[in-house]
Amino acid sequence: MTRRRMIGTALAVGVALPVGAAGHPPVARATPGPTRLTLPVPTGPYPVGTVQLHVVDRSRPDPVAGPGRYRELMTSVWYPARDVGRHPLARWMSPAVLRAYLTSGGFEAEAAVTPLTVGHQGAPVRRTDGPLPVVVFSHGAHDHRADTTIVVQELASHGYLVVTVDHTYDAFGEFPDGRLIVPLDDPALVPSDFAADIRFVLDCVEDLAAGRNPDAEHHPQPLPAGLRGAPDLRRIGMFGWSKGGTATALVMNDDQRVRAGLSLDGPMQAQPPLTTDVDRPFMLMTARFTRAAEPSVAEFWSHLRGWRLNIRADGAVHSSYGDNQVLIPQLAKDVGMSDEELRGWIGTLDPARALRIQRAYPLAFFDLHLRGRRCRLLDGPSATFPEVKFIA
């Protein structure tokens, strides 16, 4: 069972099933009608704004579209906002992307409900203490840029400017002209392709910092007020899930603009292998791809020469540090999942506890290394999070 077929099966019976864990059998729906999924509200003091940008790297030919076409990406920028009242909330996914899921799975559906985020589309940027620290996110294989919206919104609500990226041909997404993108099995993108995308996105962040608009169409509407000049180029971090975690390591190897990196269960499998020493802070939040189970992760760890930390939550599975851990339990009853099937999706880590973990630890990491705010949470095991183990 491929991930796309699993998505199609769930959506065909009227539910929006998030991407993140493949290989699980479909389950019969227990009740009619769509499940209305919700995302939790972040804990930070600021409302959140968001805007989509379509960017084109004219230094890189498109690997699929043919001569004369260049690598193009869809991104979302998330940030602390003000005056949000008249700005609508953004969806977790667009209806067109949901229809792409259905098409790829070979099913049809009359209704599927995707959750709203807390991101107010186009709201003005809140800047009370100068430019904003920046974090960029890289998703996993056959995935999408919304996969860790909980973490992204949490960071933005605490004053970060966060940029998420769809890695075209290994993502589900949509361009402004209505073109849909879906993962292709051939050509398959490798982590170095993801890393090249991120380096170009960092160039776009530099454009925003300089007051330029990197959007390929220069945006049909003006950029949100205050976005130009908002990024602080001296404080840039990156995180990624799965293949995106490996891409984070590659970017740290090659690009000094990124001061701190976080991998959410990245396998660290790259060609050539990750054997370059990294002298900047790096944190591993592992689940399936532990140093004990995956030699490539242990090898990468041995080349971390700066601040480093490896934590693991008991009961976590590969997708436990993303939105799946919160969304899948919401639809489990409606699609008739047994307890065993649900554990296959989310492990034995309690969803409420997983939510607290994925909010607290990435924020503490970037606060320490981009803002210089020490948090005792990273000093060692915490009574507040007894399931989080520090791996020596």
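The sections below set out a description of the structure shown in this document.

Definitions and limits used
For every chain, the first residue of the written sequence is number 1, and numbering continues from 1 along that sequence. Where totals are concerned, whole chains, interfaces and linings use all residues; where local detail is concerned, this predicted model gives features only for residues with pLDDT of at least 70, and gives and counts side-chain atom pairs only at 80 or more. Hydrogens and waters are ignored; side-chain quantities use all the structure's heavy atoms. Helical segments are the DSSP runs of H or I of at least four residues, strand segments are the runs of E of at least two, and each set is numbered from the N terminus. Think of it in three bands: residues with accessible area under 20% of the maximum for their type are buried, residues over 50% are exposed, and the middle band is partly exposed, with areas taken using a 1.4 Å probe on protein chains only. Residue contacts are defined here by distance: any two heavy atoms, one from each residue, within 4.5 Å place the two residues in contact. Note on areas: Shrake-Rupley, 1.4 Å probe, and residue coverage restricted to the protein chains presented here. Any two strands are treated as partners once DSSP identifies two or more bridges connecting them. A fitted line through C-alpha atoms represents every axis, and for helices the fit uses only the stretch in contact; the resulting angles, taken between N-to-C directions, go from 0 to 180 degrees. Should a side-chain nitrogen of Lys or Arg be within 4 Å of a carboxyl oxygen of Asp or Glu, the pair is scored as a salt bridge. Using protein atoms alone on a 1 Å grid, points that fit a 1.4 Å probe yet trap it form a cavity, whereas open point sets bounded by protein on both sides within 12 Å along at least five of seven lines form a pocket; residues with an atom within 4 Å of a point count as lining. Grid points are joined across faces, edges and corners, and a volume is the space filled by probe spheres set on the points. Each Phe, Tyr or Trp ring, with Trp reduced to its six-membered ring, pairs with another whose centre is within 6.5 Å; inter-plane angles below 30 degrees give stacked pairs, above 60 give edge-to-face pairs, and intermediate values give tilted ones. To sit over a ring, a charge needs its Lys NZ or Arg CZ within 6 Å of the ring centre and within 35 degrees of the ring normal. Any angle that is under 35 degrees is reported as roughly parallel, and any over 145 degrees as roughly antiparallel; angles of 65 to 115 degrees are reported as roughly perpendicular and all others as oblique. Note: crossing handedness is left-handed where the near helix turns anticlockwise from the far helix by less than a right angle, and right-handed where it turns clockwise. Basically, the charged four are Asp, Glu, Lys and Arg, the nonpolar ten are Ala, Val, Leu, Ile, Met, Phe, Trp, Tyr, Cys and Pro, and anything else, Gly included, counts as polar. Looking down the strands as they point away from you, a crossover is right-handed if its path from the first strand over the helix to the second goes clockwise.

### Comments concerning the overall build of the chain
Argument step 1. Each helix and strand in the chain was counted, giving nine helices and 13 strands.
Argument step 2. With 392 residues in all, the chain has 60% of them scored as buried.
Argument step 3. Within the chain, counting contacts between residues at least 6 apart in sequence, those at least 24 apart form 74% of the total.
Argument step 4. Entry remark: accessible area of the chain is about 15600 Å², with carbon and sulfur atoms responsible for 52%.

### Notes on unusual backbone geometry
Argument step 1. With omega at -5°, the peptide bond leading from Q271 into P272 counts as cis.
Argument step 2. Looking at where P272 falls in the secondary structure, it is placed in the loop between β10 (260-264) and β11 (282-286).
Argument step 3. Phi at D265 is positive, roughly 55°, even though this residue is not glycine.
Argument step 4. With respect to the helices and strands, the residue D265 is situated in the loop between β10 and β11.
Argument step 5. Of note, M268 is a non-glycine position whose phi angle comes to about 55°, a positive value.
Argument step 6. Assignment of secondary structure puts M268 in the loop between β10 and β11.

### Details of the sheet that holds strand β13 (residues 388-390)
Argument step 1. With mixed pairing, eleven strands are arranged side by side in an open sheet as β3-β4-β1-β2-β6-β5-β9-β10-β11-β12-β13. In the strand order of this sheet, the two ends are held by β3 (89-91) and β13, each with one partner. Between one strand and the next, the sheet's axes are offset by a mean angle of 30°, whatever the strand orientation.
Argument step 2. Strand direction decides the pairing type here: strand β5 (residues 132-138) and strand β9 (residues 231-241), joined by six bridges, are parallel.

### Thoughts on the pattern of salt bridges
Argument step 1. Scanning the model with the defined rule gives 23 salt bridges in all.
Argument step 2. Residue R60 is joined to D57 by a salt bridge in which the shortest nitrogen-to-oxygen separation is 3.9 Å. This pair shows no difference in class: R60 is buried, exactly as D57 is.
Argument step 3. With a closest N to O distance of 2.8 Å, R353 and E387 form a salt bridge. Taken as a pair, R353 in helix α9 (residues 351-371) and E387 in the loop between α9 and β13 lie far apart in primary sequence, 34 residues in all. Pair check on accessibility: R353 and E387 agree, each one buried.
Argument step 4. Overlapping salt bridges, with partners in common, bring together D57, R60, R71 and D197 in one network.

### Description of the layout of surface pockets
Regions of empty space are outlined by a rolling probe, equal in size to a water molecule, passed over the atoms.
Argument step 1. Roughly 920 Å³ of internal volume is contained in the largest pocket.
Argument step 2. Lining of the largest pocket is provided by 39 residues; of these, Q52, S76, A90, Q121 and R145 occupy positions nearest its centre.
Argument step 3. Among the elements of the structure, β1 (48-61), β2 (70-80), β3, α2 (95-105), β4 (116-121), α3 (149-157), β6 (161-166) and β7 (173-174) are those that each provide at least two residues to the lining of the largest pocket.
Argument step 4. For the lining of the largest pocket, the element with the most residues is β1, which contributes four residues.

### Structural notes on α3
Argument step 1. Burial analysis of α3 places nine of its nine residues in the buried class, the great majority of the element.
Argument step 2. Immediately downstream of α3, the backbone of G159 shows phi near 105°, a positive value.

### Observations concerning the packing of aromatic side chains
The description of two aromatic rings rests on the distance between their centres and on the angle between their planes.
Argument step 1. Summed over the entire model, instances satisfying the criterion amount to six aromatic pairs.
Argument step 2. Considering the side-chain rings of F365 and F366, the 5.1 Å spacing of their centres and the 70° angle between planes classify their relative orientation as edge-to-face. Comparing F365 with F366 shows no difference in burial state: the two are buried.
Argument step 3. In this structure an aromatic cluster arises from ring pairing among F137, F239, W307, F365 and F366.
Argument step 4. Of note, R371 hangs over the ring of Y160, and the distance from its end group to the ring centre comes to 4.3 Å.

### Details of the environment of L377
Argument step 1. Among the secondary structure elements, L377 is positioned in the loop between α9 and β13.
Argument step 2. In this structure the C-alpha to C-alpha distance between L377 and Y361, which are 16 residues apart in sequence, comes to 7.5 Å.
Argument step 3. Beyond its immediate chain neighbours, meaning those up to four positions away, L377 contacts A360, Y361, A364, S382, F385 and F390.

### Some details on the packing of helix α7 (residues 324-332) against helix α8 (residues 339-346)
Argument step 1. Packing of α7 against α8 leaves a shortest axis separation of 10 Å and a crossing angle of 160°. Put simply, α7 runs roughly antiparallel to α8. As for how α7 packs across α8, the hand of that crossing is right-handed. On the side of α7, the interface is formed by N324, Q325, I328, P329 and A332, while α8 contributes L342, W345 and I346.
Argument step 2. Grouping the constituent residues of the contact of α7 with α8 by class yields six nonpolar, two polar and no charged.

### Quick word on the pairing of β5
Argument step 1. Counting buried positions along β5 gives seven out of seven residues, so the element sits mostly inside the fold.
Argument step 2. Taken together, β5, α3 and β6 form a β-α-β motif whose crossover is right-handed.

### Overview of the packing of α3 against α9
Argument step 1. Orientation of α3 relative to α9, taken along the N-to-C sense of each, is 50°, at an axis distance of 9 Å. Compared by their axis directions, α3 and α9 come out oblique. Handedness of the crossing formed by α3 with α9: right-handed. Together, I150, V151, E154 and L155 of α3 and L355, Q358, R359, P362, L363 and F366 of α9 make up the contact between the two elements.
Argument step 2. A per-class count over the contact of α3 with α9 returns seven nonpolar, one polar and two charged.

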